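Structural features, examined
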Amino acid sequence: MKIKAAIEKIPGGMMVVPLVLGAMINTFAPQALQIGGFTTALFKNGAAPLIGAFLLCMGAGISFKAAPQALLQGGTITLTKLLIAMALGLGVEHLFGAEGIFGLTGLAIIAAVSNSNGGLYAALVGEFGNERDVGAISILSLNDGPFFTMIALGAAGMANIPMMALVAVLVPLLVGMLLGNLDHQMRDFLTKGGPILIPFFAFALGAGINLEMLLQGGVAGVLLGVLTTFVGGFFNIKADRLVGGSGIAGAAASSTAGNAVATPLAIAQADPSLASVAAAAAPLIAASVITTAILTPILTSWVAKRNAAKGAVVEKTA
């Protein structure tokens, strides 16, 4: 059986398939994950430590000597994603209050739009992009997780985020960066472990999702995914091209990462007053993860084909 090949045919499959599988088991047979021991520790309660290990492994791949253009490209796209997420989220919060509109809240928008699926990005730029686009992941990986969302909410006054909560998110990433830059063998060893962890924490994240909640917020979640890929993607592509890129990196970054589903939980732990809003945001973000995993490859492929068509026209006129 070619299980791995079948999963990888789905865009972002190593994240999306375990996430959906975990959600299905949690919805229809939740007791299966509550038998205790290693089973519950890994498949039900393992998301936080697994994500911490993932950040450490991927941090090892962030080189202090990364090419300046890749840093510029990745930094520009990352900053653009954060600013657009804040503008959209704060706009909804200001106009419609904490409850948002059509089920979309400021928290859900900021968490989904500011975050991107690093695995999906790597796969897409590996297929359609160049070495500079691939190198940009060294910076783009920083928006994987709740760190930037917590900064955005804290800066906007939408949440009271203690400084140590921000530091705690960064520590695994910084430890990985230190190890990876001190020893190239450690870098190779750790970065190989990052992708292996994705399906495990994706399943654990899914095991915290009830599909009944997902269905209740399904339309709003799909709308959030469309907003992330096409509205956020429009600005990401523009920012990418502004610093000399082709737009492919910007398009490939226009997704919501699976671990963004855990962001509301992290926010609620840092600011308990947002617990109810965070609980409502989680299923919307989960729907956005699935929606963007489908739409982002379509957008990236379109940008690549458009670039190829323009290149062909230039060659003919030259």
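Residues numbered from 1 in each chain as written. Predicted model: local features only at pLDDT ≥ 70, side-chain atom pairs only at ≥ 80, totals over all residues. Heavy atoms only, no water.

Notes on the overall build of the protein
Within the protein one finds 17 helices and zero strands. When the 318 residues of the protein are sorted by exposure, 51% land in the buried category. The contacts of the protein with a sequence gap of at least 6 include a subset with a gap of at least 24, amounting to 82%. (Helix = DSSP H or I, 4+ residues; strand = E, 2+ residues; numbered from the N terminus. Buried < 20%, exposed > 50% of the residue type's maximum accessible area, 1.4 Å probe, protein only. Contact = heavy atoms within 4.5 Å.)

Side note on helix 14 (residues 218-242)
For an α-helix the count is 3.6 residues per turn, leaving residues at separations of three or four pointing the same way. Taking 1.5 Å of rise per residue, the 25 residues of helix 14 would be expected to cover 36 Å, and the 35 Å separating its terminal C-alpha atoms lies within 8% of that figure. At the exit of helix 14 stands Gly244, carrying a positive phi of roughly 95 degrees. (Expected span 1.5 Å × (residues − 1).)

A word on the packing of aromatic side chains
Throughout the structure, instances matching the rule amount to two aromatic pairs. Judged by centre distance (5.4 Å) and plane angle (75 degrees), the rings of Phe43 and Phe203 are edge-to-face. One end of the pair, Phe43, is in helix 3 (residues 37-43); the other, Phe203, is in helix 12 (residues 184-206), with 160 residues separating them in the sequence. Measuring from ring centre to ring centre gives 5.2 Å for Phe234 and Phe235, while their planes differ by 85 degrees; the resulting arrangement is edge-to-face. Judged by relative accessible area, Phe234 falls into the partly exposed class, the value being 46%. (Phe/Tyr/Trp six-rings, centres within 6.5 Å; stacked < 30°, edge-to-face > 60°.)

Notes on the side chain of Ser114
With respect to the secondary-structure elements, Ser114 resides in the loop between helix 6 (106-113) and helix 7 (118-128). Since its relative accessible area comes to 2%, Ser114 is described here as buried. A polar side-chain atom of Ser114 sits 2.5 Å from the main-chain carbonyl oxygen of Ile110. (Polar contact = N/O pair within 3.5 Å; in protein donor to acceptor, adjacent residues only side chain to side chain.)

Here we look at the packing of helix 5 (residues 68-96) against helix 6
Where helix 5 meets helix 6, the closest approach of the two axes is 8 Å, and the angle between their N-to-C directions is 170 degrees. In this view, helix 5 runs roughly antiparallel relative to helix 6, as classed from their interaxial angle. Contacts between helix 5 and helix 6 involve Lys81, Ala85, Met86, Leu88, Gly89, Val92 and Glu93 from the former and Gly106, Ile109, Ile110 and Val113 from the latter. (Axes fitted to C-alpha atoms, helices over the stretch in contact; angles between N-to-C directions. Parallel < 35°, antiparallel > 145°, perpendicular 65-115°, else oblique.)

Taken by themselves, the reported measurements are silent on function.
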